[in-house]
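Each chain, written out:
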Protein chains: 2
Amino acid sequence: MHDPRGEQHIGRLLWDVSQSVGRAFDEHLRAVGGSRPIWLILLTLKTKPSANQRELAAAVGIQGATLTHHLAAMEADGLLTRRRDPSNRRIHQMKLTPEGEQAFLRVKDAAVRFNAKLNEGLSEEQLEQFQVTLAQLRANAWRDDAEPRA
Amino acid sequence: MHDPRGEQHIGRLLWDVSQSVGRAFDEHLRAVGGSRPIWLILLTLKTKPSANQRELAAAVGIQGATLTHHLAAMEADGLLTRRRDPSNRRIHQMKLTPEGEQAFLRVKDAAVRFNAKLNEGLSEEQLEQFQVTLAQLRANAWRDDAEPRA
DNA sequence: CACTAATCGTTAGATCTCAAACAATTATTC
DNA sequence: GAATAATTGTTTGAGATCTAACGATTAGTG
């Protein structure tokens, strides 16, 4: 359990592995002209076509400002359009272009393949246990210091 | 195992949790004037005082260019000095200032407390299993597509 | 209806990160 | 010793992310 970088804390290991896996995923998607955030945005637009930007950002797990930048780039690249909702002009309605639809299919294929590779050799029980531990870590990280564990 | 963002893939969950934990850690360190990269750099300088920048970057897990930026900022903030090694003028020797030493102690205290909180309620066996799964995920992510699993 | 509060998305500035190209220095080869 | 190769750290440009402040629009209140 020791690695060349010295003693590992679980937080450090979690960070390192997720960065590593994330980088591999990004490279995988880059091969088909995508990226991690683009994938998540395309996927969310396909599953929640009427989501406004605030909802989209929440679903993707990023802040609104970040989403604005990604959407601006995707719109400039011709993947989607943004129009003001006629019933509430504060709200943007996003729509994939035919080019965006094509991009979704390409990136989805790559994401599915990556996910299959990522899961190889992992049993259902192992994954379930892993997710339980992840949930515990997330809860622990944000627990108030003065708060006793329930 | 379902969350409001729809079906979770293990890669997505790993990313989300590590980002969340990392953000909590960062906030924790920010309270004492540090940050995650600053902590890792200070820690590595304390454990490997004679490391050159290339070695330091590898130990911290970032690229040389990124380290250069961090070191420049830390030097500007008076936490450390960089001098050319007289025996090989390509190499920088880094040295913590008294202020840097103080910063290390403050940040270390915060990091240790965060780590303790993160580990609460997790058994040794659970952590061991978790680390096994992390290692598998990392290996899977970078496995060549054409490569059969050994 | 006028005013205030809330919502939505954007802008500006900052942090962290990477890859590629580069200059300076040292090591290796002939 | 001269030329080439390798090493070290830096610069440049770009991607992704966040916070705070902002302008435009809608909702709520009296």
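I will try to describe carefully the structure that is included in this document. Being a predicted model, the structure only gives us computed values, none of them experimental.

Turning our attention to the overall build of chain A. Within chain A, the regular secondary structure consists of six helices and two strands. When the elements of chain A are put in sequence order from the N terminus, they spell out α-α-α-α-β-β-α-α. Compactness check: chain A gives a C-alpha radius of gyration of 19 Å against a globular reference of 15 Å for 150 residues, more than 25% above the reference. By principal-axis analysis of the C-alpha atoms, chain A measures approximately 55 × 40 × 30 Å. The proportion of buried residues among the 150 residues of chain A is 45%. The contacts of chain A with a sequence gap of at least 6 include a subset with a gap of at least 24, amounting to 44%.

Let's shift gears to the protein's contact with DNA strand C. Within the structure, DNA strand C sits among 23 residues, and Gln53, Arg54 and Thr68 of chain A together with Thr66 and His70 of chain B are positioned closest to it. In this structure, a phosphate oxygen belonging to DNA strand C sits 3.0 Å away from a side-chain N or O atom of arginine 82 of chain A. Measuring from a sugar or linking oxygen of DNA strand C, one finds a side-chain N or O atom of arginine 90 of chain B at 3.3 Å. When contributions to the surface near DNA strand C are tallied by element, the ones reaching two or more residues are helix 3 (53-60), helix 4 (64-76), strand 1 (80-85) and strand 2 (88-96) of chain A together with helix 2 (36-47), helix 4 (64-76) and strand 2 (88-96) of chain B. Of the residues that constitute the surface near DNA strand C, the class distribution is five nonpolar, 10 polar and eight charged.

Here we take up the protein's contact with DNA strand D. Neighbouring DNA strand D are 24 residues, the closest being Thr66 and His70 of chain A together with Gln53, Arg54 and Thr68 of chain B. Taken together, the sugar and phosphate atoms account for 77% of what DNA strand D places within 4 Å of the protein. Within the side chain of arginine 90 of chain A, an N or O atom sits 3.3 Å from a sugar or linking oxygen of DNA strand D. Secondary-structure elements contributing two or more residues to the surface near DNA strand D are helix 2 (36-47), helix 4 and strand 2 of chain A together with helix 3 (53-60), helix 4, strand 1 (80-85) and strand 2 of chain B. Looking at the surface near DNA strand D, the element that brings in the most residues is helix 4 of chain B, giving four residues.

What follows deals with the packing of aromatic side chains. Residues and elements named next belong to chain A. On inspection of all chains with the given rule, the structure shows five aromatic pairs over all chains. Where phenylalanine 25 meets phenylalanine 114, the ring centres are 5.0 Å apart and the plane angle is 40°; that geometry is what we call tilted. Taken as a pair, phenylalanine 25 in helix 1 (residues 10-30) and phenylalanine 114 in helix 5 (residues 98-119) lie far apart in primary sequence, 89 residues in all. Residue phenylalanine 114 is classed as buried on the basis of its relative accessible area of 4%.

Reading the values: the criteria
What you see as residue numbers is a count from 1 along each chain, following the sequence as written. Each chain gets a letter, beginning with A, and each ligand a number, beginning with 1, in the order they are written. Totals for whole chains, interfaces and linings use every residue, but because this is a predicted model, local features are given only for residues with pLDDT of at least 70 and side-chain atom pairs only at 80 or more, for both listing and counting. Side-chain calculation: all heavy atoms of the structure are included, whereas hydrogens and water are not. Here a helix means four or more residues in a row that DSSP labels H or I, a strand means two or more in a row labelled E, and each is numbered from the N terminus. Based on C-alpha atoms, the radius of gyration is set beside the globule rule, defined as 2.2 Å times the residue count to the power 0.38. Note on exposure labels: buried denotes an accessible area under 20% of the residue type's maximum, exposed denotes more than 50%, and partly exposed covers the range between, all computed with a 1.4 Å probe on protein chains only. The contact rule is simple, with two residues in contact once any of their heavy atoms fall within 4.5 Å. Here, proximity means that at least one heavy atom of the residue falls within 4 Å of the molecule or strand. In protein, a polar contact means a hydrogen-donor-capable atom and an acceptor-capable atom, both N or O and within 3.5 Å, with residues adjacent in sequence counting only if both atoms are side-chain atoms; elsewhere, any N or O pair within 3.5 Å suffices. Throughout, the ten residues Ala, Val, Leu, Ile, Met, Phe, Trp, Tyr, Cys and Pro are labelled nonpolar, Asp, Glu, Lys and Arg are labelled charged, and all others, Gly among them, are labelled polar. Aromatic pairs are defined between Phe, Tyr and Trp rings, using the six-membered ring for Trp, whenever the two ring centres lie within 6.5 Å; interplanar angles under 30 degrees are classed as stacked, those over 60 as edge-to-face, and all others as tilted.

Scope: geometric values only; no functional claims are made or implied.
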